[in-house]
Amino acid sequence: MLTLALNSGSSSIKYRLLRMPEAVTQASGLVEGIGESEGRFTCRRGGENAAPTRSTLPIADHRQGLALIFDSLGDLPENGLAVGHRVVHGGGLFDQAALIDDGVAAKIADLQSLAPLHNPPNLLGIQACRTLWPHVPQVAVFDTAFHHTLPPHAYHYALPRRLSDDRGLRRYGFHGISVQSALKRAAAQLGRQPERLNLIVLHLGNGASVTAVKEGRSVDTSMGMTPLAGLMMGSRCGDIDPGLLLHLLQQGELDARSLEHLLTRQSGFNGVCGDNDVRHILARAGEGDAAAQLALDMYAHQIKKYIGAYWAVLGEVDALVFTGGIGENAGEVRAAALRGLQGLGVDLDPAKNAAACAEPRAIHGEGSRTAVLVIPADEEKEVAEQTYRLVAAASA
Ligand code: ADP
(Lines give C-alpha, C1' and ligand atoms only; values in the text may rest on other atoms or scores of the structure.)
Protein backbone atom coordinates (compact mmCIF):
# COMPACT_ATOMS: atom_id res chain seq x y z
CA MET A 1 0.00 0.00 0.00
CA LEU A 2 1.13 3.55 -0.73
CA THR A 3 0.34 6.01 2.02
CA LEU A 4 0.49 9.76 1.60
CA ALA A 5 1.04 11.51 4.95
CA LEU A 6 -0.09 15.10 4.68
CA ASN A 7 0.49 17.86 7.21
CA SER A 8 -1.46 20.85 5.96
CA GLY A 9 -0.58 23.70 8.35
CA SER A 10 -1.39 27.40 8.46
CA SER A 11 1.28 28.59 6.02
CA SER A 12 3.01 25.37 4.96
CA ILE A 13 2.15 21.87 3.76
CA LYS A 14 4.50 18.95 4.42
CA TYR A 15 4.01 15.59 2.72
CA ARG A 16 5.63 12.20 2.49
CA LEU A 17 4.63 9.26 0.33
CA LEU A 18 5.60 5.95 1.92
CA ARG A 19 5.33 2.34 0.88
CA MET A 20 3.74 0.56 3.81
CA PRO A 21 4.11 -1.43 5.94
CA GLU A 22 7.86 -1.19 5.29
CA ALA A 23 7.69 2.63 5.70
CA VAL A 24 9.99 3.23 2.73
CA THR A 25 9.84 6.82 1.53
CA GLN A 26 8.96 7.20 -2.16
CA ALA A 27 8.66 10.99 -2.33
CA SER A 28 8.53 13.90 0.08
CA GLY A 29 8.45 17.65 0.14
CA LEU A 30 7.30 20.92 1.54
CA VAL A 31 5.28 23.90 0.35
CA GLU A 32 6.11 27.05 2.33
CA GLY A 33 5.11 30.68 2.37
CA ILE A 34 1.48 30.13 1.37
CA GLY A 35 -0.22 33.50 0.96
CA GLU A 36 3.10 35.39 1.13
CA SER A 37 4.62 37.32 -1.76
CA GLU A 38 7.11 34.55 -2.40
CA GLY A 39 6.33 30.89 -1.82
CA ARG A 40 8.70 27.93 -2.04
CA PHE A 41 8.16 24.38 -3.18
CA THR A 42 10.73 21.70 -2.38
CA CYS A 43 10.19 18.13 -3.51
CA ARG A 44 12.15 14.91 -3.51
CA ARG A 45 11.38 11.91 -5.63
CA GLY A 46 12.80 8.82 -3.98
CA GLY A 47 14.14 8.45 -0.46
CA GLU A 48 15.24 11.14 1.98
CA ASN A 49 18.71 11.26 0.47
CA ALA A 50 17.44 12.04 -3.06
CA ALA A 51 18.45 15.48 -4.35
CA PRO A 52 15.63 17.99 -3.85
CA THR A 53 14.11 20.11 -6.61
CA ARG A 54 13.37 23.63 -5.46
CA SER A 55 11.21 26.29 -7.02
CA THR A 56 10.22 29.75 -5.89
CA LEU A 57 6.82 31.04 -6.92
CA PRO A 58 3.86 32.83 -5.42
CA ILE A 59 1.51 30.28 -3.82
CA ALA A 60 -1.78 32.07 -3.24
CA ASP A 61 -3.60 29.51 -1.11
CA HIS A 62 -3.69 25.93 0.11
CA ARG A 63 -5.50 24.73 -3.01
CA GLN A 64 -2.62 25.90 -5.16
CA GLY A 65 -0.06 24.44 -2.75
CA LEU A 66 -1.82 21.06 -2.80
CA ALA A 67 -2.06 21.18 -6.62
CA LEU A 68 1.76 21.54 -6.77
CA ILE A 69 2.13 18.47 -4.57
CA PHE A 70 -0.40 16.41 -6.53
CA ASP A 71 1.30 17.35 -9.82
CA SER A 72 4.72 16.36 -8.56
CA LEU A 73 3.43 12.98 -7.34
CA GLY A 74 2.18 12.20 -10.86
CA ASP A 75 -0.58 9.69 -11.48
CA LEU A 76 -0.80 7.62 -8.33
CA PRO A 77 -2.71 4.35 -8.61
CA GLU A 78 -5.89 4.91 -6.58
CA ASN A 79 -6.13 1.24 -5.87
CA GLY A 80 -3.80 0.59 -2.94
CA LEU A 81 -3.45 4.25 -1.98
CA ALA A 82 -4.42 5.74 1.40
CA VAL A 83 -4.04 9.29 2.70
CA GLY A 84 -3.31 10.15 6.33
CA HIS A 85 -3.98 13.72 7.43
CA ARG A 86 -2.46 15.26 10.51
CA VAL A 87 -5.30 17.07 12.25
CA VAL A 88 -4.37 19.33 15.14
CA HIS A 89 -7.56 19.32 17.23
CA GLY A 90 -9.75 16.32 17.84
CA GLY A 91 -11.32 17.90 20.95
CA GLY A 92 -13.08 15.40 23.18
CA LEU A 93 -14.52 13.66 20.10
CA PHE A 94 -11.57 11.61 18.90
CA ASP A 95 -9.42 9.43 21.13
CA GLN A 96 -7.72 7.74 18.17
CA ALA A 97 -7.25 8.06 14.41
CA ALA A 98 -10.48 7.91 12.38
CA LEU A 99 -11.41 6.90 8.84
CA ILE A 100 -12.81 10.06 7.28
CA ASP A 101 -16.38 10.06 6.04
CA ASP A 102 -18.81 12.99 5.82
CA GLY A 103 -19.64 12.66 9.52
CA VAL A 104 -15.98 12.75 10.63
CA ALA A 105 -15.25 15.69 8.29
CA ALA A 106 -18.23 17.56 9.77
CA LYS A 107 -16.96 16.93 13.32
CA ILE A 108 -13.50 18.23 12.41
CA ALA A 109 -15.19 21.30 10.94
CA ASP A 110 -17.20 21.73 14.18
CA LEU A 111 -13.96 21.73 16.16
CA GLN A 112 -12.78 24.83 14.30
CA SER A 113 -14.13 26.98 17.10
CA LEU A 114 -11.59 25.36 19.47
CA ALA A 115 -8.73 25.54 16.93
CA PRO A 116 -9.45 28.43 14.54
CA LEU A 117 -5.81 28.69 13.43
CA HIS A 118 -5.15 25.00 12.91
CA ASN A 119 -8.15 22.89 11.93
CA PRO A 120 -9.22 25.01 8.89
CA PRO A 121 -6.00 24.36 6.89
CA ASN A 122 -6.12 20.69 7.96
CA LEU A 123 -9.65 20.52 6.60
CA LEU A 124 -8.60 22.12 3.31
CA GLY A 125 -6.12 19.28 2.82
CA ILE A 126 -8.81 16.71 3.58
CA GLN A 127 -11.30 18.30 1.18
CA ALA A 128 -8.76 18.58 -1.65
CA CYS A 129 -7.75 14.92 -1.34
CA ARG A 130 -11.33 13.69 -1.08
CA THR A 131 -12.18 15.63 -4.26
CA LEU A 132 -9.14 14.35 -6.15
CA TRP A 133 -9.38 10.75 -4.93
CA PRO A 134 -13.02 10.11 -3.94
CA HIS A 135 -12.49 6.36 -3.61
CA VAL A 136 -9.22 6.46 -1.69
CA PRO A 137 -9.49 5.88 2.09
CA GLN A 138 -8.55 8.96 4.07
CA VAL A 139 -7.63 8.91 7.74
CA ALA A 140 -7.48 11.75 10.26
CA VAL A 141 -4.66 11.37 12.78
CA PHE A 142 -5.14 13.76 15.68
CA ASP A 143 -2.47 15.61 17.64
CA THR A 144 -4.75 15.58 20.68
CA ALA A 145 -5.66 11.87 20.62
CA PHE A 146 -2.67 10.54 22.59
CA HIS A 147 -3.62 12.83 25.46
CA HIS A 148 -7.14 11.42 25.86
CA THR A 149 -5.75 9.48 28.86
CA LEU A 150 -5.16 12.70 30.85
CA PRO A 151 -6.91 12.29 34.20
CA PRO A 152 -9.61 14.87 35.12
CA HIS A 153 -7.35 16.51 37.72
CA ALA A 154 -4.84 17.22 34.92
CA TYR A 155 -7.25 18.36 32.23
CA HIS A 156 -9.64 20.57 34.22
CA TYR A 157 -9.01 24.28 34.60
CA ALA A 158 -10.17 25.79 37.89
CA LEU A 159 -13.07 27.54 36.18
CA PRO A 160 -16.83 27.09 36.60
CA ARG A 161 -17.65 23.50 35.69
CA ARG A 162 -20.21 24.52 33.06
CA LEU A 163 -17.36 25.89 30.91
CA SER A 164 -15.67 22.52 30.75
CA ASP A 165 -18.75 20.32 30.91
CA ASP A 166 -20.93 22.20 28.42
CA ARG A 167 -18.41 23.98 26.25
CA GLY A 168 -15.35 21.75 26.27
CA LEU A 169 -13.05 24.44 27.68
CA ARG A 170 -10.34 22.21 29.16
CA ARG A 171 -6.80 21.04 28.53
CA TYR A 172 -6.48 18.76 25.48
CA GLY A 173 -2.74 18.80 24.79
CA PHE A 174 -1.01 18.64 21.40
CA HIS A 175 2.09 17.11 19.74
CA GLY A 176 0.54 13.72 20.53
CA ILE A 177 1.65 12.24 17.20
CA SER A 178 5.24 13.24 17.96
CA VAL A 179 5.03 11.93 21.54
CA GLN A 180 3.61 8.59 20.37
CA SER A 181 6.42 8.27 17.84
CA ALA A 182 9.04 9.26 20.44
CA LEU A 183 7.62 6.72 22.91
CA LYS A 184 7.91 3.87 20.39
CA ARG A 185 11.41 4.83 19.34
CA ALA A 186 12.56 5.40 22.92
CA ALA A 187 11.25 1.95 23.85
CA ALA A 188 13.22 0.43 20.96
CA GLN A 189 16.33 2.39 21.99
CA LEU A 190 16.03 1.21 25.62
CA GLY A 191 14.97 -2.35 24.73
CA ARG A 192 11.78 -1.98 26.80
CA GLN A 193 8.03 -2.27 26.25
CA PRO A 194 6.38 1.14 25.64
CA GLU A 195 3.60 0.36 28.13
CA ARG A 196 6.18 -0.09 30.89
CA LEU A 197 7.94 3.25 30.35
CA ASN A 198 7.76 6.48 32.33
CA LEU A 199 9.07 9.33 30.18
CA ILE A 200 9.23 13.08 30.11
CA VAL A 201 9.03 13.94 26.41
CA LEU A 202 10.31 17.38 25.46
CA HIS A 203 9.17 18.32 21.96
CA LEU A 204 11.17 21.47 21.27
CA GLY A 205 10.49 22.84 17.78
CA ASN A 206 8.82 26.03 16.62
CA GLY A 207 5.99 24.81 18.78
CA ALA A 208 7.16 23.30 22.06
CA SER A 209 5.59 21.08 24.69
CA VAL A 210 6.45 18.77 27.55
CA THR A 211 4.49 15.58 28.22
CA ALA A 212 4.55 13.26 31.22
CA VAL A 213 4.11 9.66 30.03
CA LYS A 214 3.31 7.10 32.74
CA GLU A 215 3.37 3.44 31.70
CA GLY A 216 2.99 4.45 28.08
CA ARG A 217 0.08 6.85 28.60
CA SER A 218 -0.06 10.63 28.69
CA VAL A 219 -0.87 11.82 32.23
CA ASP A 220 -0.02 15.52 31.91
CA THR A 221 1.10 17.87 29.19
CA SER A 222 2.07 21.52 28.99
CA MET A 223 -0.13 22.67 26.11
CA GLY A 224 -3.72 23.31 26.97
CA MET A 225 -7.03 23.95 25.26
CA THR A 226 -4.90 25.48 22.51
CA PRO A 227 -1.24 25.07 21.52
CA LEU A 228 -0.43 28.49 23.04
CA ALA A 229 0.12 27.25 26.58
CA GLY A 230 3.15 25.80 28.32
CA LEU A 231 6.71 26.56 27.24
CA MET A 232 7.59 29.77 25.43
CA MET A 233 7.97 28.93 21.73
CA GLY A 234 9.29 30.40 18.49
CA SER A 235 6.66 33.11 18.39
CA ARG A 236 4.04 31.93 20.93
CA CYS A 237 3.99 33.18 24.49
CA GLY A 238 3.45 29.95 26.45
CA ASP A 239 2.27 30.27 30.05
CA ILE A 240 1.52 33.81 31.17
CA ASP A 241 -0.65 35.31 33.88
CA PRO A 242 -4.22 35.53 32.48
CA GLY A 243 -4.56 38.74 34.53
CA LEU A 244 -2.06 40.32 32.14
CA LEU A 245 -4.47 39.70 29.25
CA LEU A 246 -7.31 41.25 31.25
CA HIS A 247 -5.10 44.25 31.91
CA LEU A 248 -4.37 44.75 28.19
CA LEU A 249 -8.05 44.38 27.29
CA GLN A 250 -9.25 46.63 30.11
CA GLN A 251 -6.75 49.35 29.20
CA GLY A 252 -8.29 49.26 25.71
CA GLU A 253 -4.86 48.76 24.16
CA LEU A 254 -5.79 45.66 22.21
CA ASP A 255 -8.85 43.94 20.80
CA ALA A 256 -9.17 40.15 20.48
CA ARG A 257 -7.64 40.05 17.02
CA SER A 258 -4.54 42.05 17.87
CA LEU A 259 -4.20 40.11 21.11
CA GLU A 260 -4.14 36.89 19.10
CA HIS A 261 -1.44 38.34 16.86
CA LEU A 262 0.58 39.43 19.89
CA LEU A 263 0.37 36.05 21.63
CA THR A 264 0.84 33.78 18.60
CA ARG A 265 3.21 35.75 16.35
CA GLN A 266 5.01 38.44 18.29
CA SER A 267 5.81 36.57 21.50
CA GLY A 268 8.09 33.69 22.53
CA PHE A 269 11.68 33.95 21.25
CA ASN A 270 10.47 36.49 18.72
CA GLY A 271 9.14 38.76 21.42
CA VAL A 272 12.11 38.48 23.75
CA CYS A 273 14.94 38.77 21.23
CA GLY A 274 13.38 39.52 17.83
CA ASP A 275 14.18 36.19 16.14
CA ASN A 276 12.58 32.75 16.28
CA ASP A 277 15.41 30.71 14.76
CA VAL A 278 17.34 29.16 17.63
CA ARG A 279 20.42 28.72 15.40
CA HIS A 280 20.65 32.51 15.03
CA ILE A 281 19.84 33.05 18.70
CA LEU A 282 22.62 30.71 19.83
CA ALA A 283 25.09 32.46 17.52
CA ARG A 284 24.04 35.88 18.81
CA ALA A 285 24.32 34.75 22.43
CA GLY A 286 27.81 33.45 21.64
CA GLU A 287 28.74 36.97 20.56
CA GLY A 288 27.48 38.42 23.84
CA ASP A 289 24.01 39.57 22.73
CA ALA A 290 22.10 40.07 26.00
CA ALA A 291 18.57 39.75 24.56
CA ALA A 292 19.43 36.44 22.88
CA GLN A 293 21.00 35.18 26.10
CA LEU A 294 17.96 36.21 28.13
CA ALA A 295 15.65 34.31 25.73
CA LEU A 296 17.79 31.16 26.02
CA ASP A 297 17.99 31.48 29.81
CA MET A 298 14.20 31.83 30.03
CA TYR A 299 13.71 28.79 27.80
CA ALA A 300 16.10 26.59 29.81
CA HIS A 301 14.50 27.75 33.08
CA GLN A 302 11.00 26.92 31.84
CA ILE A 303 12.04 23.48 30.56
CA LYS A 304 13.73 22.74 33.89
CA LYS A 305 10.58 23.73 35.80
CA TYR A 306 8.43 21.39 33.70
CA ILE A 307 10.91 18.55 34.18
CA GLY A 308 10.77 19.05 37.96
CA ALA A 309 6.98 19.24 37.97
CA TYR A 310 6.49 16.16 35.81
CA TRP A 311 9.10 14.24 37.74
CA ALA A 312 6.96 14.82 40.81
CA VAL A 313 3.85 13.73 38.88
CA LEU A 314 5.51 10.52 37.64
CA GLY A 315 7.45 9.51 40.74
CA GLU A 316 9.98 7.57 38.68
CA VAL A 317 11.37 8.55 35.30
CA ASP A 318 13.05 6.07 32.96
CA ALA A 319 14.13 8.64 30.40
CA LEU A 320 14.04 12.27 29.40
CA VAL A 321 13.42 12.39 25.65
CA PHE A 322 14.38 15.38 23.50
CA THR A 323 12.77 15.73 20.08
CA GLY A 324 11.84 18.51 17.58
CA GLY A 325 14.26 20.78 15.67
CA ILE A 326 15.72 22.37 18.82
CA GLY A 327 15.53 19.25 21.00
CA GLU A 328 17.32 17.18 18.37
CA ASN A 329 20.00 19.66 17.35
CA ALA A 330 20.73 22.19 20.06
CA GLY A 331 23.04 20.49 22.57
CA GLU A 332 23.57 23.87 24.27
CA VAL A 333 19.84 24.13 25.01
CA ARG A 334 19.68 20.56 26.33
CA ALA A 335 22.71 21.13 28.56
CA ALA A 336 21.35 24.41 29.93
CA ALA A 337 17.95 22.86 30.69
CA LEU A 338 19.48 19.88 32.52
CA ARG A 339 22.14 21.87 34.41
CA GLY A 340 21.69 21.36 38.15
CA LEU A 341 19.54 18.23 37.86
CA GLN A 342 22.27 15.92 39.17
CA GLY A 343 20.25 15.65 42.38
CA LEU A 344 17.57 13.84 40.35
CA GLY A 345 20.19 11.46 38.98
CA VAL A 346 20.49 13.12 35.57
CA ASP A 347 24.01 13.21 34.25
CA LEU A 348 24.71 14.32 30.70
CA ASP A 349 27.75 13.09 28.77
CA PRO A 350 29.14 16.33 27.26
CA ALA A 351 30.76 14.65 24.24
CA LYS A 352 27.65 12.62 23.37
CA ASN A 353 25.48 15.70 23.90
CA ALA A 354 27.63 17.77 21.54
CA ALA A 355 27.83 15.16 18.76
CA ALA A 356 25.55 15.74 15.76
CA CYS A 357 23.64 12.67 14.60
CA ALA A 358 20.32 12.10 12.85
CA GLU A 359 19.61 8.77 14.57
CA PRO A 360 17.97 8.07 17.95
CA ARG A 361 20.71 8.08 20.58
CA ALA A 362 21.49 8.16 24.29
CA ILE A 363 23.42 11.18 25.58
CA HIS A 364 23.64 10.46 29.33
CA GLY A 365 26.79 9.59 31.20
CA GLU A 366 27.52 6.13 32.57
CA GLY A 367 26.61 7.12 36.11
CA SER A 368 23.26 8.65 35.18
CA ARG A 369 20.30 7.03 36.99
CA THR A 370 17.97 8.26 34.25
CA ALA A 371 18.48 7.87 30.51
CA VAL A 372 18.57 11.02 28.37
CA LEU A 373 17.63 10.31 24.77
CA VAL A 374 17.56 12.33 21.57
CA ILE A 375 14.89 10.98 19.23
CA PRO A 376 14.45 12.69 15.84
CA ALA A 377 10.78 13.58 15.34
CA ASP A 378 9.10 11.60 12.57
CA GLU A 379 5.50 12.68 12.62
CA GLU A 380 4.85 11.80 8.96
CA LYS A 381 5.94 8.21 9.54
CA GLU A 382 3.71 7.98 12.60
CA VAL A 383 0.76 9.38 10.59
CA ALA A 384 1.47 6.82 7.84
CA GLU A 385 1.67 3.95 10.35
CA GLN A 386 -1.60 4.84 12.04
CA THR A 387 -3.24 5.29 8.64
CA TYR A 388 -1.98 1.96 7.37
CA ARG A 389 -3.12 0.13 10.50
CA LEU A 390 -6.63 1.55 10.32
CA VAL A 391 -7.08 1.02 6.58
CA ALA A 392 -5.66 -2.51 6.70
CA ALA A 393 -7.98 -3.37 9.64
CA ALA A 394 -11.01 -1.86 7.87
CA SER A 395 -10.38 -3.84 4.67
CA ALA A 396 -9.59 -7.13 6.47
P1 ADP B 1 8.25 22.85 13.59
O2 ADP B 1 7.67 22.92 14.96
O3 ADP B 1 7.84 24.00 12.71
O4 ADP B 1 8.17 21.48 12.95
P5 ADP B 1 11.06 22.22 13.91
O6 ADP B 1 10.82 21.02 14.76
O7 ADP B 1 11.61 22.04 12.57
O8 ADP B 1 9.79 23.16 13.84
O9 ADP B 1 12.05 23.17 14.75
C10 ADP B 1 12.40 24.43 14.30
C11 ADP B 1 13.41 25.02 15.29
O12 ADP B 1 14.54 24.15 15.35
C13 ADP B 1 13.91 26.39 14.90
O14 ADP B 1 13.95 27.22 16.05
C15 ADP B 1 15.33 26.11 14.46
O16 ADP B 1 16.16 27.19 14.73
C17 ADP B 1 15.70 24.94 15.35
N18 ADP B 1 16.86 24.23 14.82
C19 ADP B 1 16.93 23.50 13.68
N20 ADP B 1 18.21 23.06 13.50
C21 ADP B 1 18.94 23.52 14.54
C22 ADP B 1 20.31 23.42 14.94
N23 ADP B 1 21.19 22.74 14.21
N24 ADP B 1 20.69 24.02 16.07
C25 ADP B 1 19.82 24.71 16.82
N26 ADP B 1 18.51 24.86 16.52
C27 ADP B 1 18.07 24.27 15.39
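As shown above, the structure is provided for reference.
Here the structure is a predicted model, which means the values were calculated and not measured.

Procedures and definitions
- Residues numbered from 1 in each chain as written.
- Predicted model: local features only at pLDDT ≥ 70, side-chain atom pairs only at ≥ 80, totals over all residues.
- Heavy atoms only, no water.
- Helix = DSSP H or I, 4+ residues; strand = E, 2+ residues; numbered from the N terminus.
- Contact = heavy atoms within 4.5 Å.
- Phe/Tyr/Trp six-rings, centres within 6.5 Å; stacked < 30°, edge-to-face > 60°.
- Buried < 20%, exposed > 50% of the residue type's maximum accessible area, 1.4 Å probe, protein only.
- Lys NZ or Arg CZ within 6 Å of the ring centre and 35° of its normal.
- Near = heavy atom within 4 Å.
- Polar contact = N/O pair within 3.5 Å; in protein donor to acceptor, adjacent residues only side chain to side chain.
- Nonpolar A, V, L, I, M, F, W, Y, C, P; charged D, E, K, R; others polar.
- Core = buried A, V, L, I, M, F, W, Y, C linked by side-chain atoms within 4.5 Å.

Q: Would you mind going over the environment of Leu228 in detail, with residue names and values included?
A: If you trace the backbone, Leu228 turns up in the loop between β11 (217-221) and α7 (242-250). Residue contacts for Leu228: discarding those within four places in its chain leaves Met233, Arg236, Cys237, Gly238, Leu263 and Thr264.

Q: Run through the packing of aromatic side chains, naming residues and quoting values.
A: In total, this model carries 4 aromatic pairs according to the counting rule given. With a centroid separation of 5.1 Å and an interplanar angle of 65°, the aromatic rings of Phe70 and Trp133 are classed as edge-to-face. Here Phe70 is found in helix α1 (residues 62-73), whereas its partner Trp133 is found in the loop between α3 (119-132) and β8 (138-142), with 63 residues between them in sequence. Since its relative accessible area comes to 13%, Phe70 is described here as buried. Residue placement shows Arg170 over the ring face of Tyr155; its charged tip is 3.8 Å from the ring centre.

Q: Can you lay out the site of the ligand for me, pointing to particular residues and giving the numbers?
A: Surveying the vicinity of the ligand reveals 13 residues, the closest of which are Asn206, Asp277, Val278, Gly325 and Asn329. Taking Asn276, its main chain carries an N or O atom lying 3.3 Å from an oxygen atom of the ligand. At a separation of 3.3 Å, an oxygen atom of the ligand approaches a polar backbone atom of Ile326. Mapped by element, the contributors of at least two residues to the shell around the ligand are α10 (278-286) and α12 (324-329). The element that contributes the greatest number of residues to the shell around the ligand is α12, accounting for 4 residues. For the shell around the ligand, a count of residues per class yields 3 nonpolar, 7 polar and 3 charged.

Q: So what's going on with the nonpolar core? Residues and values would help.
A: If you look at the biggest cluster of nonpolar residues, it comprises 42 residues, and the most contacted ones within it are Ile200 and Leu320. Mapped onto this core, the elements with two or more residues apiece are β9 (199-204), β10 (208-214), α9 (268-273), α10, α11 (290-314), β12 (319-323), α13 (331-338) and β14 (371-374). Ranked by residues supplied to this core, first place goes to α11 with 10 residues. For Leu320, the residues in contact, after removing those within four places along its chain, are Ile200, Leu202, Ile307, Trp311, Leu338, Val346, Thr370, Ala371, Val372 and Leu373. Counting residues in hydrophobic clusters, the runner-up holds 24 residues, among them Leu4, Tyr15, Ile59 and Trp133.

By themselves, these are just geometric observations and shouldn't be taken as functional.
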